[in-house]
Amino acid sequence: MKISFAIIIMAMTVACNAQAPKQAIVKADEIIKSLAAGKSVQIKNAVIEGDLDFGKAGNSFPINSADSETQVNANAYFEKCVFKGNVKAQNTRFNGNLIFLESEFQKEVELKNSSVFGTVNFSKSIFKGRAVFSNMVVWAKNSYFSEIKAENRFSLEATDFQGNLSIMNSEFAGPLSLQETFVLGNLQAANAKFNGSTDFDMLHVLKRAIFKYATFKNTPDFSGSKITKE
């Protein structure tokens, strides 16, 4: 009876392993090539190898005598992906959606001086390295950083959200900065856990800022802010 039982357990284990989904390996350069060709990408359950640099994903146009801007004219959708390299954009205009759902970023995420004319959604993602979204403009009704886990510095400094911003149910282990961040609609931060230092200096929320059930390990800095706390 003992031998039969062991065989049954082994068979069940093999069956479970066989049902586990395998993650495809996708090169970041291939993603960039598709976007540069104006083709939207939709990738699920994949490991992304190499740095994903959106600054190389479109044509570059001068915006003044010193700087240029890259235009990405396609949607980028990722779900349950693992990014092995850095994810970055500098002086980039996204004319589509920028979606990263339930994904893991093992290195740095750095999106700076860029604009998004579509939905931004990083819900349920994990940031192991620094995550900096600074000096951006997001032209969307809703932007989501809900239920994320940030293990390092997380920043939305000087970024304008021309709609609602949600960071509800998120956990921030390291420093968080919304310094000089502007939210045209509501800031939803209910049930968020702020375990590091928090900088809300000069934060401006035009409608409501909701921090119900949020917890702060350190005293938050709201100096110079213009918000309605609830």
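Notes on the structure in this doc start here. (Residues numbered from 1 in each chain as written. Predicted model: local features only at pLDDT ≥ 70, side-chain atom pairs only at ≥ 80, totals over all residues. Heavy atoms only, no water.)

### Brief notes about the pairing of strand S6 (residues 68-72)
- In the sheet, strand S5 (residues 59-62) pairs with S6 via 4 bridges, with the strands oriented antiparallel. Looking at the pairing, Pro-62 lines up with Ser-68 of S6.
- Joining the antiparallel neighbours S5 and S6 is a turn of 5 residues. (Pairing = 2+ DSSP bridges. Helix = DSSP H or I, 4+ residues; strand = E, 2+ residues; numbered from the N terminus.)

### Some details on the pattern of salt bridges
- Scanning the model with the defined rule gives 8 salt bridges in all.
- For the salt bridge of Lys-33 with Glu-30, the shortest nitrogen-to-oxygen distance reads 3.7 Å. One end of the pair is Lys-33 and the other is Glu-30, both in helix H2 (residues 28-36) and 3 residues apart, which spans about a single turn.
- Its relative accessible area of 42% is what places Glu-30 among the partly exposed residues.
- The shortest N-O distance in the salt bridge between Arg-130 and Glu-110 comes to 3.3 Å. Here the residue Arg-130 occupies a position in the loop between strand S16 (126-127) and strand S17 (131-134), and Glu-110 occupies one in strand S13 (residues 109-112), the gap between them amounting to 20 residues.
- When its relative accessible area of 24% is taken as the criterion, Glu-110 is described as partly exposed.
- Salt bridges linked by common partners bring Glu-108, Glu-110, Lys-112 and Arg-130 together as one network. (Salt bridge = Lys/Arg side-chain N within 4 Å of Asp/Glu carboxyl O. Buried < 20%, exposed > 50% of the residue type's maximum accessible area, 1.4 Å probe, protein only.)

### What about the sheet that holds strand S27 (residues 187-188)?
- With parallel pairing, 8 strands are arranged side by side in an open sheet as S2-S7-S11-S15-S19-S23-S27-S31. The open sheet has two edge strands with one neighbour each: strand S2 (41-44) and strand S31 (209-210).
- As paired strands, strand S15 (residues 120-121) and strand S19 (residues 142-144) are joined by 2 bridges and run parallel to one another. Bridging from a neighbouring strand, Asn-121 pairs with Tyr-144 of S19.

### Some thoughts on the packing of aromatic side chains
- A complete count under the given rule lists 27 aromatic pairs for this structure.
- Centre to centre, the rings of Phe-122 and Phe-145 are 5.4 Å apart; their planes meet at 5°, and the pair counts as stacked. Taken together, the residues span a long stretch of sequence, with Phe-122 in the loop between S15 and S16 and Phe-145 in the loop between S19 and strand S20 (149-150) at a distance of 23 residues. No difference in accessibility class separates Phe-122 from Phe-145, as the two residues are buried. (Phe/Tyr/Trp six-rings, centres within 6.5 Å; stacked < 30°, edge-to-face > 60°.)

### Overview of the side chain of Asn-121
- Locating Asn-121 in the fold gives a position in strand S15.
- A relative accessible area of 14% means that Asn-121 is categorised as buried.

### Some details on empty space enclosed by the protein
- Scanning the entire structure with this criterion turns up 1 cavity of 30 Å³ or more.
- Roughly 40 Å³ of internal volume is contained in the largest cavity.
- Every residue lining the largest cavity is listed: Leu-98, Leu-111, Val-120, Phe-133, Met-136, Val-138, Phe-145, Leu-156, Thr-159 and Phe-161.
- Tallied by class, the residues present in the lining of the largest cavity amount to 9 nonpolar, 1 polar and no charged. (1 Å grid on protein atoms, 1.4 Å probe; cavity = no way out; pocket = protein on both sides within 12 Å on 5 of 7 lines; lining within 4 Å. Points joined across faces, edges and corners; volume = space filled by probe spheres on them. Nonpolar A, V, L, I, M, F, W, Y, C, P; charged D, E, K, R; others polar.)

### Topic: the nonpolar core
- Counting residues in hydrophobic clusters, the biggest one holds 56 residues, and the most contacted among them are Phe-54, Phe-78, Phe-133, Phe-145 and Phe-154.
- At the level of secondary structure, the elements contributing two or more residues to this core comprise H2, S2, strand S3 (46-49), strand S7 (76-79), strand S9 (87-90), strand S11 (98-101), S13 and S17.
- With 4 residues, H2 is the single largest residue contributor to this core. (Core = buried A, V, L, I, M, F, W, Y, C linked by side-chain atoms within 4.5 Å.)

### With respect to the side chain of Ser-170
- Relative to the helices and strands, Ser-170 is located in the loop between strand S23 (164-166) and strand S24 (171-172).
- Ser-170 gets classed as buried once you look at its relative accessible area, which sits at 0%.
- Beyond its immediate stretch of four places on either side in the chain, Ser-170 contacts Phe-145, Ser-146, Glu-147, Ile-148, Asn-191, Ala-192 and Lys-193. (Contact = heavy atoms within 4.5 Å.)

### Regarding the pairing of S7
- When S2 meets S7, the two strands line up parallel, connected through 4 bridges. Paired with Lys-44 across the two strands is Glu-79, which belongs to S7.
- Relative to S11, S7 runs parallel, the two being bridged by 4 bridges. Bridge assignment links Tyr-77 to a residue of S11, and that residue is Ile-99.

### Brief notes about the sheet that holds S5
- Read across the open sheet, the 8 strands follow the order S5-S6-S10-S14-S18-S22-S26-S30; overall the sheet is mixed. Of all strands in the sheet, those bounded by a partner on one side alone are S5 and strand S30 (204-205).
- Where strand S22 (residues 160-161) meets strand S26 (residues 182-183), 2 bridges bridge the pair, whose relative direction is parallel. Looking across to S26, one finds that Phe-161 is bridged to Val-183.

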